[in-house]
Amino acid sequence: AAAARVPAVVDSDRYPLHAPDASAAAALGELVAKSRREISARGYSHLPGFLRPASVANLVEEALRLEAAGVGFRSHEAHNLYLEETEEAQSLASSQSSTASGRGDAPESIATRDKEFRSSKVLIAKDLLGADSQLLELYNWDPLRAFLQAAFAVPGLHPSADPLGGAYYNIFDSAFQDTLGWHFDRSALSMNLILQTTPGAGGDFQFVPDSREAIGQLHRWSEVEEYINSRTDTPELHPGSLYLFAGDRSLHQVSPVTRGKRINAIFTYVEEEGSRLNEYTLRKFFGRSGPR
């Protein structure tokens with residue numbers, strides 16, 4: 001049956017999420033338990049080599065082809081740690097500066113919530129992917145959804161009802177020094193596929209494990225900087241890695257890309273069936289509120 005077909009992109013020998021036999025089911029059980037422990041302890045679990053190398057190359061080719069066709073949307077954001085947009089953030093969004101800002105104040109005088117960051121990247125929405133896209137095939141593969149539900153230990157997990165934001169590519173381009181500024185996610189869980197990295201040229205995913213409560217008690221950005229300096233984790237990620245992340249618990253960023261292009265794919269599953277992004281968020285990240 002089509003539903004039972006294992007997507008060719010997955011290294012199913014290493015990650016038998018479909019559990020075709022008893023030994024694979026046992027391996028899957030161990031994998032779920034490991035990811036659940038890691039997420040519980042640190043809000044993060046890394047599955048290296050989840051995608052086959054040849055498939056990674058195919059996904060990169062798809063992302064770059066769509067970008068070259070001009071169908072992606074270049075998103076610019078100015079935000080604080082909590083992804084709140086202020087009047088200053090809106091004015092920053094129209095500026096050309098690619099650095100974090102704090103209204104020009106000395107760092108020690110900037111309130112934590114007033115510290116501004118820039119984020120920019122190109123997003124290629126789900127509805128732009130072809131019906132034969134291997135990325136879509138993987139997103140729609142139910143054993144992956146079931147694994148994520150078990151790993152995150154949530155009672156239910158469903159594909160997003162959103163035609164744009166269910167599965168999409170992010171491209172961070174060094175020509176724009178694209179980056180993801182420090183922030184906490186609004187979502188409790190995220191799934192990220194690393195497709196192309198920029199070793200030695202930025203694009204590093206960095207996070208401060210379980211830092212939300214502690215940072216919430218620090219009132220100055222200088223105090224936050226001091227707190228995160230010795231606690232920041234920079235995991236070594238490679239093309240083909242899948243990482244699961246409880247991004248509302250841990251402050252995180254992607255450092256500016258200074259050479260080449262960093263490419264990843266985001267899968268959005270939701271705990272409440274039928275959930276989708278609101279119109280404001282769609283316009284902010286995809287430049288439109290519905291399918292083309």
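Anything mentioned here points back to the structure above.
Everything numeric here is computed off the predicted structure, so don't read it as measured data.

## What about the overall build of the protein chain?
In step 1: Within the protein chain, the secondary structure is distributed over eight helices and 12 strands.
In step 2: Computed over C-alpha atoms, the radius of gyration of the protein chain comes to 19 Å, within 12% of the 19 Å expected from 2.2 N^0.38 for 292 residues, which places it in the range of a compact globule.
In step 3: Along the longest, intermediate and shortest principal axes, the C-alpha atoms of the protein chain span 60 × 40 × 40 Å.
In step 4: For the protein chain, with 292 residues in total, the buried portion stands at 51%.
In step 5: Nonlocal contacts in the protein chain, meaning residues at least 24 apart in sequence, comprise 86% of its contacts between residues at least 6 apart.
In step 6: Accessible surface, the protein chain: about 13,200 Å² in total, of which carbon and sulfur atoms supply 50%.
In step 7: Positive and negative charge centroids in the protein chain, built from 29 and 38 side chains respectively, lie 2 Å apart.

## Brief notes about the layout of surface pockets
In step 1: Estimated volume of the largest pocket: approximately 1,200 Å³.
In step 2: In terms of lining, the largest pocket is formed by 47 residues, of which the most central are Leu83, Tyr168, Asp185, Arg186 and Ser187.
In step 3: Sort the elements by how many residues they give to the lining of the largest pocket and helix H8 (residues 279-286) lands first, with five residues.
In step 4: Classifying every residue of the lining of the largest pocket by side-chain character gives 20 nonpolar, 17 polar and 10 charged.
In step 5: Considering the residues around the second largest pocket, the lining is formed by 14 residues, among which Thr197, Gly203, Asp204, Pro235 and Leu237 are closest to the centre.
In step 6: Within the lining of the second largest pocket, the residues separate by chemical class into five nonpolar, six polar and three charged.

## Quick notes on the environment of Ser75
In step 1: Within the secondary structure, Ser75 sits in strand S2 (residues 73-79).
In step 2: What makes Ser75 buried here is its relative accessible area of 2%.
In step 3: Sequence-wise, Ser75 and Gly130 are 55 residues apart; in three dimensions their C-alpha atoms are separated by 22 Å.
In step 4: If we skip the residues at most four places from it in the chain, Ser75 touches Ser119, Ser120, Lys121, Leu123, Lys284 and Phe285.
In step 5: Of the polar contacts made by the side chain of Ser75, one reaches the backbone oxygen of Lys284; its length is 3.2 Å.

## Describing the sheet that holds strand S6 (residues 180-183)
In step 1: Read from one edge to the other, the open sheet built from three strands follows the order S6-S10-S8, with strand pairing classed as antiparallel. If you trace the sheet from one side to the other, it starts and ends with S6 and strand S8 (205-208), each paired once. When strand polarity is set aside, the average angle formed by the axes of neighbouring strands in this sheet is 10°.
In step 2: Judged from the two bridges that link them, S6 and strand S10 (residues 251-254) form a sheet pairing that is antiparallel. In the sheet register, Leu180 faces S10, and the bridge partner there is Val254.

## Remarks on the nonpolar core
In step 1: Ranked by internal contacts, the top residues of the largest apolar core, which has 54 residues, are Phe50, Leu138, Phe147, Tyr169, Leu244 and Phe267.
In step 2: Top element by residues in this core is helix H2 (residues 53-68). It accounts for five residues.
In step 3: When sequence neighbours within four positions are dropped, the list of residues in contact with Phe267 reads Leu135, Leu138, Tyr139, Leu144, Gly166, Ala167, Met191 and Leu193.

## Description of the sheet that holds S2
In step 1: Pairing is antiparallel in the open sheet, where seven strands are placed in the order S1-S9-S7-S11-S5-S3-S2. Across the chains shown, the open sheet's two edge strands, defined by having one partner strand only, are strand S1 (44-47) and S2. Along the sheet, successive strands turn relative to each other by an average axial angle of 30°, direction set aside.
In step 2: Across the face of the sheet, H8 comes into contact with S2, strand S3 (117-124) and strand S5 (167-173) while running at roughly 115° to S2.

How each quantity is defined
- Residues numbered from 1 in each chain as written.
- Predicted model: local features only at pLDDT ≥ 70, side-chain atom pairs only at ≥ 80, totals over all residues.
- Heavy atoms only, no water.
- Helix = DSSP H or I, 4+ residues; strand = E, 2+ residues; numbered from the N terminus.
- Rg over C-alpha atoms; globule rule 2.2 N^0.38 Å.
- Buried < 20%, exposed > 50% of the residue type's maximum accessible area, 1.4 Å probe, protein only.
- Contact = heavy atoms within 4.5 Å.
- Areas by Shrake-Rupley, 256 points an atom, 1.4 Å probe, with all protein chains shown as cover.
- Lys, Arg positive; Asp, Glu negative; His and termini not counted.
- Charge placed at Lys NZ, Arg CZ, Asp CG, Glu CD.
- 1 Å grid on protein atoms, 1.4 Å probe; cavity = no way out; pocket = protein on both sides within 12 Å on 5 of 7 lines; lining within 4 Å.
- Points joined across faces, edges and corners; volume = space filled by probe spheres on them.
- Nonpolar A, V, L, I, M, F, W, Y, C, P; charged D, E, K, R; others polar.
- Polar contact = N/O pair within 3.5 Å; in protein donor to acceptor, adjacent residues only side chain to side chain.
- Pairing = 2+ DSSP bridges.
- Axes fitted to C-alpha atoms, helices over the stretch in contact; angles between N-to-C directions.
- Core = buried A, V, L, I, M, F, W, Y, C linked by side-chain atoms within 4.5 Å.

Structural measurements only, silent on function.
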